[in-house]
Amino acid sequence: MSARRVTVEACPGGPLLIRGADEVVSDDGTVGKVERSVVAVCRCGRSDRLPWCDASHRAKRRSRKKDD
Amino acid sequence: MPEARAYGDVADCLGDRDFQLALWILYELHYRGFEGVDDAAEWDPLLLVSRAGLERTMEHAVRELVASTDHAPPALEPDSDPAPQVVKALVQMTIGDGVSPVATFLRRRATREEFRDYLAERAIYHLRESDPQSFVLPRIDGAAKAALAELQYDEYGGGRPDRLHATLFARALESLDMSTDVASYLPDVSGETLASVNLMSLFALNRRLRGAAMGHLAAFEATSSLPCEQILRGARRLKLPDAVQDYYDEHVEADAVHEQLAIRNICGNLVTAEPELADDVLFGAAACLAVDSRAGQKLLTDWQDRRDRKPTGSGRAEAAG
Ligand code: FES
Ligand SMILES: [Fe+2]
Ligand SMILES: [Fe+2]
(Lines give C-alpha, C1' and ligand atoms only; values in the text may rest on other atoms or scores of the structure.)
(Ligands and ions follow the chains in the order given, each with its own letter.)
Protein backbone atom coordinates (compact mmCIF):
# COMPACT_ATOMS: atom_id res chain seq x y z
CA MET A 1 0.00 0.00 0.00
CA SER A 2 2.58 2.54 1.09
CA ALA A 3 4.55 2.01 -2.12
CA ARG A 4 1.56 2.94 -4.23
CA ARG A 5 1.97 5.98 -6.45
CA VAL A 6 -0.93 8.29 -7.16
CA THR A 7 -0.30 10.73 -9.99
CA VAL A 8 -2.27 13.58 -11.51
CA GLU A 9 -1.58 14.80 -15.03
CA ALA A 10 -3.21 17.95 -16.39
CA CYS A 11 -4.35 17.97 -20.02
CA PRO A 12 -4.64 21.54 -21.32
CA GLY A 13 -8.20 22.28 -22.39
CA GLY A 14 -9.31 18.89 -21.10
CA PRO A 15 -9.45 16.68 -18.01
CA LEU A 16 -6.99 15.60 -15.34
CA LEU A 17 -5.65 12.10 -15.84
CA ILE A 18 -5.40 10.34 -12.49
CA ARG A 19 -3.60 7.10 -11.88
CA GLY A 20 -3.62 5.06 -8.67
CA ALA A 21 -6.62 6.62 -6.89
CA ASP A 22 -9.51 4.64 -5.36
CA GLU A 23 -12.23 7.25 -5.63
CA VAL A 24 -12.85 10.78 -6.81
CA VAL A 25 -15.45 13.00 -5.13
CA SER A 26 -17.08 15.70 -7.25
CA ASP A 27 -18.42 19.11 -6.17
CA ASP A 28 -21.90 17.81 -5.51
CA GLY A 29 -20.61 14.97 -3.33
CA THR A 30 -20.98 12.23 -5.93
CA VAL A 31 -18.35 9.60 -5.27
CA GLY A 32 -16.83 8.17 -8.42
CA LYS A 33 -15.30 4.73 -7.86
CA VAL A 34 -12.15 4.31 -9.90
CA GLU A 35 -12.52 1.24 -12.05
CA ARG A 36 -9.77 1.61 -14.61
CA SER A 37 -6.04 2.15 -14.30
CA VAL A 38 -6.24 5.73 -15.60
CA VAL A 39 -9.30 7.90 -15.19
CA ALA A 40 -10.08 11.30 -16.70
CA VAL A 41 -11.61 13.78 -14.25
CA CYS A 42 -13.62 16.62 -15.78
CA ARG A 43 -12.29 20.13 -15.28
CA CYS A 44 -14.63 22.01 -17.59
CA GLY A 45 -17.85 21.25 -15.72
CA ARG A 46 -19.71 20.33 -18.92
CA SER A 47 -19.63 16.57 -18.48
CA ASP A 48 -22.87 14.65 -17.96
CA ARG A 49 -20.94 12.05 -15.98
CA LEU A 50 -19.25 14.04 -13.27
CA PRO A 51 -16.73 13.54 -11.83
CA TRP A 52 -15.61 11.87 -15.06
CA CYS A 53 -14.79 13.58 -18.34
CA ASP A 54 -17.09 12.51 -21.19
CA ALA A 55 -15.32 14.57 -23.87
CA SER A 56 -17.96 17.34 -23.67
CA HIS A 57 -15.04 19.76 -23.35
CA ARG A 58 -14.52 19.28 -27.10
CA ALA A 59 -18.07 19.93 -28.26
CA LYS A 60 -17.95 23.40 -29.80
CA ARG A 61 -21.37 24.33 -28.59
CA ARG A 62 -23.10 22.57 -25.78
CA SER A 63 -26.24 20.98 -27.17
CA ARG A 64 -28.55 20.73 -24.21
CA LYS A 65 -30.01 17.25 -24.06
CA LYS A 66 -33.48 17.31 -25.49
CA ASP A 67 -34.18 13.65 -25.35
CA ASP A 68 -33.79 12.60 -21.74
CA MET B 1 -19.51 -18.15 -60.21
CA PRO B 2 -18.53 -14.56 -59.50
CA GLU B 3 -17.03 -12.89 -62.50
CA ALA B 4 -13.22 -12.75 -62.46
CA ARG B 5 -11.84 -9.23 -62.30
CA ALA B 6 -8.40 -8.01 -63.23
CA TYR B 7 -6.41 -5.78 -60.95
CA GLY B 8 -6.54 -3.00 -63.51
CA ASP B 9 -10.36 -3.00 -63.38
CA VAL B 10 -10.32 -1.45 -59.94
CA ALA B 11 -11.20 2.20 -60.38
CA ASP B 12 -11.85 3.22 -56.78
CA CYS B 13 -10.10 0.78 -54.48
CA LEU B 14 -11.42 2.41 -51.29
CA GLY B 15 -14.99 1.52 -52.24
CA ASP B 16 -14.24 -1.72 -54.08
CA ARG B 17 -15.46 -4.72 -52.11
CA ASP B 18 -13.42 -7.29 -54.04
CA PHE B 19 -10.24 -5.30 -53.63
CA GLN B 20 -10.77 -4.67 -49.92
CA LEU B 21 -11.90 -8.21 -49.21
CA ALA B 22 -8.75 -9.57 -50.87
CA LEU B 23 -6.62 -7.31 -48.70
CA TRP B 24 -8.61 -8.16 -45.57
CA ILE B 25 -8.10 -11.88 -46.18
CA LEU B 26 -4.35 -11.39 -46.64
CA TYR B 27 -4.19 -9.35 -43.42
CA GLU B 28 -6.25 -11.91 -41.55
CA LEU B 29 -3.44 -14.42 -42.05
CA HIS B 30 -1.44 -12.23 -39.62
CA TYR B 31 -4.21 -12.11 -37.01
CA ARG B 32 -6.16 -15.35 -36.62
CA GLY B 33 -5.86 -17.11 -39.97
CA PHE B 34 -8.57 -19.38 -41.34
CA GLU B 35 -9.71 -22.84 -40.45
CA GLY B 36 -8.37 -25.27 -43.03
CA VAL B 37 -5.69 -22.84 -44.25
CA ASP B 38 -2.07 -23.65 -43.40
CA ASP B 39 -0.74 -21.15 -40.83
CA ALA B 40 2.45 -20.92 -42.89
CA ALA B 41 0.44 -19.03 -45.52
CA GLU B 42 1.09 -15.93 -43.39
CA TRP B 43 4.64 -15.72 -44.80
CA ASP B 44 4.02 -17.26 -48.21
CA PRO B 45 6.19 -15.17 -50.57
CA LEU B 46 3.59 -15.06 -53.34
CA LEU B 47 0.90 -13.88 -50.95
CA LEU B 48 3.24 -11.24 -49.53
CA VAL B 49 3.94 -9.97 -53.04
CA SER B 50 0.19 -9.79 -53.73
CA ARG B 51 -0.37 -7.98 -50.48
CA ALA B 52 2.36 -5.45 -51.23
CA GLY B 53 0.74 -4.65 -54.58
CA LEU B 54 -2.68 -4.10 -53.02
CA GLU B 55 -1.13 -2.03 -50.24
CA ARG B 56 0.67 0.26 -52.67
CA THR B 57 -2.58 0.93 -54.50
CA MET B 58 -4.43 1.47 -51.24
CA GLU B 59 -1.85 3.82 -49.76
CA HIS B 60 -1.77 5.87 -52.94
CA ALA B 61 -5.58 6.15 -52.94
CA VAL B 62 -5.65 7.18 -49.28
CA ARG B 63 -3.02 9.88 -49.88
CA GLU B 64 -5.06 11.20 -52.81
CA LEU B 65 -8.26 11.15 -50.80
CA VAL B 66 -6.65 13.01 -47.90
CA ALA B 67 -5.21 15.65 -50.23
CA SER B 68 -8.53 16.19 -51.96
CA THR B 69 -10.85 16.43 -48.96
CA ASP B 70 -11.27 18.98 -46.22
CA HIS B 71 -9.52 16.51 -43.91
CA ALA B 72 -6.07 17.55 -45.17
CA PRO B 73 -3.78 18.15 -42.19
CA PRO B 74 -2.34 21.60 -41.52
CA ALA B 75 1.24 22.29 -42.60
CA LEU B 76 3.79 22.35 -39.78
CA GLU B 77 6.00 25.31 -39.02
CA PRO B 78 9.50 23.97 -39.81
CA ASP B 79 11.38 26.26 -37.41
CA SER B 80 9.61 25.37 -34.21
CA ASP B 81 9.29 22.23 -32.12
CA PRO B 82 7.01 19.80 -34.00
CA ALA B 83 5.59 17.89 -30.99
CA PRO B 84 3.38 20.66 -29.56
CA GLN B 85 2.33 21.58 -33.09
CA VAL B 86 1.25 17.99 -33.76
CA VAL B 87 -0.70 17.83 -30.50
CA LYS B 88 -2.45 21.09 -31.31
CA ALA B 89 -3.20 20.01 -34.88
CA LEU B 90 -4.64 16.68 -33.72
CA VAL B 91 -6.98 18.46 -31.32
CA GLN B 92 -8.11 20.87 -34.02
CA MET B 93 -8.54 18.22 -36.70
CA THR B 94 -10.76 16.11 -34.47
CA ILE B 95 -13.03 18.83 -33.15
CA GLY B 96 -14.79 18.93 -36.52
CA ASP B 97 -18.19 20.41 -36.92
CA GLY B 98 -20.35 18.23 -34.74
CA VAL B 99 -21.15 14.65 -33.94
CA SER B 100 -20.96 12.03 -36.69
CA PRO B 101 -24.10 11.80 -38.87
CA VAL B 102 -24.23 8.04 -38.34
CA ALA B 103 -24.35 8.47 -34.55
CA THR B 104 -27.05 11.12 -34.89
CA PHE B 105 -29.07 8.79 -37.11
CA LEU B 106 -28.74 5.95 -34.61
CA ARG B 107 -29.77 8.18 -31.76
CA ARG B 108 -32.82 9.68 -33.39
CA ARG B 109 -34.10 7.69 -36.33
CA ALA B 110 -32.72 4.18 -36.64
CA THR B 111 -35.10 1.25 -36.37
CA ARG B 112 -34.09 -1.84 -34.45
CA GLU B 113 -33.19 -3.47 -37.74
CA GLU B 114 -31.00 -0.56 -38.80
CA PHE B 115 -29.28 -0.61 -35.43
CA ARG B 116 -28.53 -4.29 -35.98
CA ASP B 117 -27.17 -3.43 -39.45
CA TYR B 118 -24.84 -0.99 -37.79
CA LEU B 119 -23.57 -3.57 -35.31
CA ALA B 120 -23.11 -6.09 -38.14
CA GLU B 121 -21.12 -3.57 -40.17
CA ARG B 122 -18.92 -2.63 -37.24
CA ALA B 123 -18.45 -6.25 -36.08
CA ILE B 124 -15.56 -6.72 -38.51
CA TYR B 125 -13.58 -4.27 -36.42
CA HIS B 126 -15.01 -4.43 -32.92
CA LEU B 127 -14.71 -8.21 -32.64
CA ARG B 128 -10.96 -7.58 -33.08
CA GLU B 129 -10.94 -4.23 -31.38
CA SER B 130 -7.48 -2.68 -30.87
CA ASP B 131 -5.55 -5.65 -32.22
CA PRO B 132 -3.93 -3.78 -35.15
CA GLN B 133 -2.34 -1.18 -32.87
CA SER B 134 -0.65 -3.86 -30.75
CA PHE B 135 1.67 -4.53 -33.69
CA VAL B 136 3.09 -1.03 -33.18
CA LEU B 137 4.30 -1.63 -29.59
CA PRO B 138 7.69 -3.12 -30.52
CA ARG B 139 8.18 -0.43 -33.16
CA ILE B 140 8.20 2.57 -30.84
CA ASP B 141 9.98 3.30 -27.59
CA GLY B 142 10.10 5.24 -24.34
CA ALA B 143 7.20 7.39 -23.19
CA ALA B 144 5.16 6.79 -26.36
CA LYS B 145 5.47 3.03 -25.91
CA ALA B 146 4.48 3.23 -22.22
CA ALA B 147 1.44 5.29 -23.18
CA LEU B 148 0.38 2.93 -25.98
CA ALA B 149 0.71 -0.01 -23.58
CA GLU B 150 -1.42 1.86 -21.05
CA LEU B 151 -4.13 2.53 -23.65
CA GLN B 152 -4.07 -1.04 -24.94
CA TYR B 153 -4.27 -2.40 -21.38
CA ASP B 154 -7.54 -0.50 -21.00
CA GLU B 155 -8.84 -1.74 -24.40
CA TYR B 156 -7.97 -5.25 -23.30
CA GLY B 157 -10.02 -5.01 -20.12
CA GLY B 158 -7.45 -3.73 -17.61
CA GLY B 159 -6.58 -7.27 -16.53
CA ARG B 160 -10.19 -8.48 -16.58
CA PRO B 161 -10.89 -10.78 -19.53
CA ASP B 162 -14.64 -10.18 -19.21
CA ARG B 163 -14.01 -6.46 -19.84
CA LEU B 164 -12.00 -6.87 -23.04
CA HIS B 165 -13.64 -4.39 -25.39
CA ALA B 166 -13.89 -7.01 -28.12
CA THR B 167 -15.67 -9.26 -25.61
CA LEU B 168 -18.07 -6.49 -24.60
CA PHE B 169 -18.96 -6.14 -28.27
CA ALA B 170 -19.37 -9.89 -28.70
CA ARG B 171 -21.75 -9.87 -25.73
CA ALA B 172 -23.74 -7.08 -27.34
CA LEU B 173 -24.08 -9.20 -30.49
CA GLU B 174 -25.07 -12.28 -28.51
CA SER B 175 -27.76 -10.34 -26.66
CA LEU B 176 -29.40 -9.77 -30.07
CA ASP B 177 -28.85 -13.37 -31.22
CA MET B 178 -26.23 -12.24 -33.69
CA SER B 179 -23.14 -14.23 -34.59
CA THR B 180 -19.79 -13.52 -32.93
CA ASP B 181 -17.85 -15.02 -35.82
CA VAL B 182 -16.21 -12.29 -37.92
CA ALA B 183 -16.43 -14.43 -41.06
CA SER B 184 -20.22 -14.47 -40.91
CA TYR B 185 -20.28 -10.70 -41.51
CA LEU B 186 -17.96 -10.72 -44.52
CA PRO B 187 -20.59 -11.42 -47.21
CA ASP B 188 -22.50 -8.21 -46.45
CA VAL B 189 -19.93 -5.71 -45.22
CA SER B 190 -19.26 -2.79 -47.57
CA GLY B 191 -15.96 -2.15 -49.33
CA GLU B 192 -15.84 1.19 -47.53
CA THR B 193 -16.05 -0.46 -44.09
CA LEU B 194 -13.44 -3.05 -45.05
CA ALA B 195 -11.23 -0.18 -46.19
CA SER B 196 -11.56 1.51 -42.80
CA VAL B 197 -10.44 -1.71 -41.07
CA ASN B 198 -7.69 -2.47 -43.61
CA LEU B 199 -6.33 1.04 -43.15
CA MET B 200 -5.44 0.18 -39.55
CA SER B 201 -3.61 -2.97 -40.62
CA LEU B 202 -1.85 -1.14 -43.44
CA PHE B 203 -0.47 1.39 -40.96
CA ALA B 204 0.21 -1.04 -38.13
CA LEU B 205 1.87 -3.82 -40.12
CA ASN B 206 4.26 -1.54 -42.01
CA ARG B 207 6.88 -0.22 -39.59
CA ARG B 208 7.54 2.64 -42.02
CA LEU B 209 3.97 3.84 -41.31
CA ARG B 210 4.11 3.62 -37.49
CA GLY B 211 3.63 7.38 -37.19
CA ALA B 212 0.50 7.16 -39.33
CA ALA B 213 -0.75 4.26 -37.19
CA MET B 214 -0.52 6.38 -34.05
CA GLY B 215 -2.04 9.44 -35.72
CA HIS B 216 -4.90 7.22 -36.87
CA LEU B 217 -5.36 5.95 -33.32
CA ALA B 218 -5.46 9.50 -31.97
CA ALA B 219 -8.12 10.60 -34.47
CA PHE B 220 -10.13 7.44 -33.86
CA GLU B 221 -10.12 7.80 -30.06
CA ALA B 222 -10.73 11.55 -30.11
CA THR B 223 -13.84 11.15 -32.27
CA SER B 224 -15.37 8.32 -30.27
CA SER B 225 -16.74 9.46 -26.87
CA LEU B 226 -19.32 11.91 -28.18
CA PRO B 227 -20.70 9.57 -30.89
CA CYS B 228 -20.76 6.67 -28.40
CA GLU B 229 -22.96 8.79 -26.13
CA GLN B 230 -25.35 9.36 -29.05
CA ILE B 231 -25.39 5.67 -29.97
CA LEU B 232 -26.01 4.79 -26.33
CA ARG B 233 -29.07 7.05 -26.34
CA GLY B 234 -30.26 5.38 -29.53
CA ALA B 235 -29.88 1.97 -27.88
CA ARG B 236 -31.90 3.20 -24.90
CA ARG B 237 -34.58 4.65 -27.15
CA LEU B 238 -34.92 1.29 -28.88
CA LYS B 239 -34.78 -0.53 -25.52
CA LEU B 240 -31.94 -2.73 -26.71
CA PRO B 241 -30.48 -5.20 -24.20
CA ASP B 242 -28.12 -4.03 -21.45
CA ALA B 243 -25.15 -5.66 -23.16
CA VAL B 244 -25.54 -3.33 -26.15
CA GLN B 245 -25.81 -0.30 -23.90
CA ASP B 246 -22.85 -1.49 -21.83
CA TYR B 247 -20.50 -1.48 -24.81
CA TYR B 248 -21.28 2.15 -25.72
CA ASP B 249 -21.51 3.25 -22.10
CA GLU B 250 -18.00 1.92 -21.46
CA HIS B 251 -16.69 3.79 -24.49
CA VAL B 252 -17.93 7.21 -23.45
CA GLU B 253 -15.64 7.18 -20.42
CA ALA B 254 -12.86 4.99 -21.78
CA ASP B 255 -12.39 7.01 -24.94
CA ALA B 256 -12.40 10.29 -23.03
CA VAL B 257 -9.26 8.89 -21.36
CA HIS B 258 -7.91 7.37 -24.59
CA GLU B 259 -8.29 10.68 -26.42
CA GLN B 260 -5.77 12.27 -24.04
CA LEU B 261 -3.44 9.28 -23.98
CA ALA B 262 -3.40 8.98 -27.76
CA ILE B 263 -3.01 12.65 -28.67
CA ARG B 264 -0.64 13.79 -25.94
CA ASN B 265 1.12 10.84 -24.43
CA ILE B 266 1.46 8.68 -27.54
CA CYS B 267 1.64 11.08 -30.50
CA GLY B 268 3.21 13.97 -28.59
CA ASN B 269 5.95 11.78 -27.15
CA LEU B 270 6.45 9.87 -30.38
CA VAL B 271 7.11 13.09 -32.29
CA THR B 272 9.41 14.35 -29.53
CA ALA B 273 11.43 11.14 -29.87
CA GLU B 274 11.21 10.94 -33.68
CA PRO B 275 10.49 14.43 -35.05
CA GLU B 276 10.69 13.15 -38.64
CA LEU B 277 7.40 11.29 -38.00
CA ALA B 278 5.41 14.50 -37.46
CA ASP B 279 3.89 14.61 -40.94
CA ASP B 280 3.11 10.89 -40.89
CA VAL B 281 1.23 11.26 -37.61
CA LEU B 282 -0.95 13.98 -39.10
CA PHE B 283 -1.40 12.03 -42.32
CA GLY B 284 -2.62 9.01 -40.30
CA ALA B 285 -5.12 11.15 -38.41
CA ALA B 286 -6.41 12.74 -41.63
CA ALA B 287 -6.64 9.33 -43.28
CA CYS B 288 -8.73 8.00 -40.38
CA LEU B 289 -11.17 10.90 -40.63
CA ALA B 290 -11.46 10.75 -44.42
CA VAL B 291 -11.77 6.97 -44.80
CA ASP B 292 -14.12 6.55 -41.83
CA SER B 293 -16.36 9.35 -43.00
CA ARG B 294 -16.66 7.60 -46.38
CA ALA B 295 -17.70 4.41 -44.59
CA GLY B 296 -20.26 6.39 -42.58
CA GLN B 297 -21.65 8.03 -45.72
CA LYS B 298 -22.00 4.65 -47.38
CA LEU B 299 -23.98 3.31 -44.41
CA LEU B 300 -26.32 6.30 -44.43
CA THR B 301 -26.87 6.06 -48.19
CA ASP B 302 -27.65 2.35 -47.95
CA TRP B 303 -30.15 2.94 -45.16
CA GLN B 304 -31.82 5.69 -47.12
CA ASP B 305 -31.97 3.53 -50.27
CA ARG B 306 -33.58 0.70 -48.34
CA ARG B 307 -36.15 3.06 -46.84
CA ASP B 308 -36.93 4.44 -50.29
CA ARG B 309 -37.46 0.95 -51.63
CA LYS B 310 -40.06 0.08 -49.03
CA PRO B 311 -41.83 3.34 -48.32
CA THR B 312 -44.33 1.73 -45.97
CA GLY B 313 -41.51 0.44 -43.77
CA SER B 314 -41.43 1.35 -40.13
CA GLY B 315 -39.99 4.59 -38.95
CA ARG B 316 -39.57 6.22 -42.33
CA ALA B 317 -37.81 9.54 -41.95
CA GLU B 318 -39.32 10.04 -38.53
CA ALA B 319 -37.18 11.59 -35.88
CA ALA B 320 -37.66 10.02 -32.50
CA GLY B 321 -36.19 13.17 -30.95
S1 FES C 1 -12.93 18.06 -19.13
FE2 FES C 1 -13.77 16.65 -20.51
S3 FES C 1 -15.89 16.92 -20.22
FE4 FES C 1 -15.04 18.34 -18.85
FE1 LIG D 1 -12.44 0.22 -27.01
FE1 LIG E 1 -10.59 3.42 -27.00
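Residues numbered from 1 in each chain as written. Chains lettered and ligands numbered in written order. Predicted model: local features only at pLDDT ≥ 70, side-chain atom pairs only at ≥ 80, totals over all residues. Heavy atoms only, no water.

**Digging into the packing of aromatic side chains**
Residue and element names in this part refer to chain B. All chains considered together, the criterion is met by seven aromatic pairs over all chains. A connected cluster of aromatic rings, assembled from ring pairs, spans Phe169, Tyr247 and Tyr248. Lying over the aromatic face of phenylalanine 283, arginine 63 brings its terminal NZ or CZ to 4.0 Å of the ring centre. (Phe/Tyr/Trp six-rings, centres within 6.5 Å; stacked < 30°, edge-to-face > 60°. Lys NZ or Arg CZ within 6 Å of the ring centre and 35° of its normal.)

**Some details on empty space enclosed by the protein**
All names here are of chain B. Under the defined criterion, the tally for this structure stands at three cavities of 30 Å³ or more. Estimated volume of the largest cavity: approximately 110 Å³. Lining the largest cavity, in full, are Trp24, Tyr27, Glu28, Tyr31, Ile124, Tyr125, Arg128, Pro132, Val197, Asn198 and Ser201. Of all elements in the fold, only helix H1 (17-31), helix H5 (112-126) and helix H9 (191-205) reach the threshold of two or more residues within the lining of the largest cavity. With four residues, H1 is the largest single contributor of residues to the lining of the largest cavity. (1 Å grid on protein atoms, 1.4 Å probe; cavity = no way out; pocket = protein on both sides within 12 Å on 5 of 7 lines; lining within 4 Å. Points joined across faces, edges and corners; volume = space filled by probe spheres on them. Helix = DSSP H or I, 4+ residues; strand = E, 2+ residues; numbered from the N terminus.)

**Focus: the coordination of the iron ion (ligand 3)**
All names here are of chain B. Looking at the iron ion (ligand 3), one finds its protein donor set to be Glu155 (OE), Glu221 (OE), Glu221 (OE), Asp255 (OD) and His258 (ND1), positioned 2.1 to 2.6 Å from the metal centre. Motif for the iron ion (ligand 3), donor spacing along one chain: E-x65-E-x33-D-x2-H. Here aspartate 255 falls in the buried class, since its relative accessible area comes to 2%. With relative accessibility at 0%, the residue histidine 258 sits in the buried group. (Donors = N, O, S within 2.8 Å, 3.2 Å for Na, K, Ca; no water. Buried < 20%, exposed > 50% of the residue type's maximum accessible area, 1.4 Å probe, protein only.)

**Section: the coordination of the iron ion (ligand 2)**
Residue and element names in this part refer to chain B. Those donors, Glu129 (OE), Glu155 (OE), His165 (ND1) and His251 (NE2), are the protein atoms that reach the iron ion (ligand 2), and they lie 1.9 to 2.2 Å from it. Summarised as a motif, the one-chain spacing of the donors to the iron ion (ligand 2) is E-x25-E-x9-H-x85-H. Distance-wise, the iron ion (ligand 3) is placed 3.7 Å from the iron ion (ligand 2), both being coordinated by glutamate 155. A residue pair is termed long-range when its members are at least 10 positions apart, and glutamate 129 in the loop between H5 and helix H6 (131-134) and histidine 251 in helix H12 (residues 242-273) qualify at 122 residues. Of the two residues, glutamate 129 and histidine 251, neither departs from the other in class, the shared state being buried.

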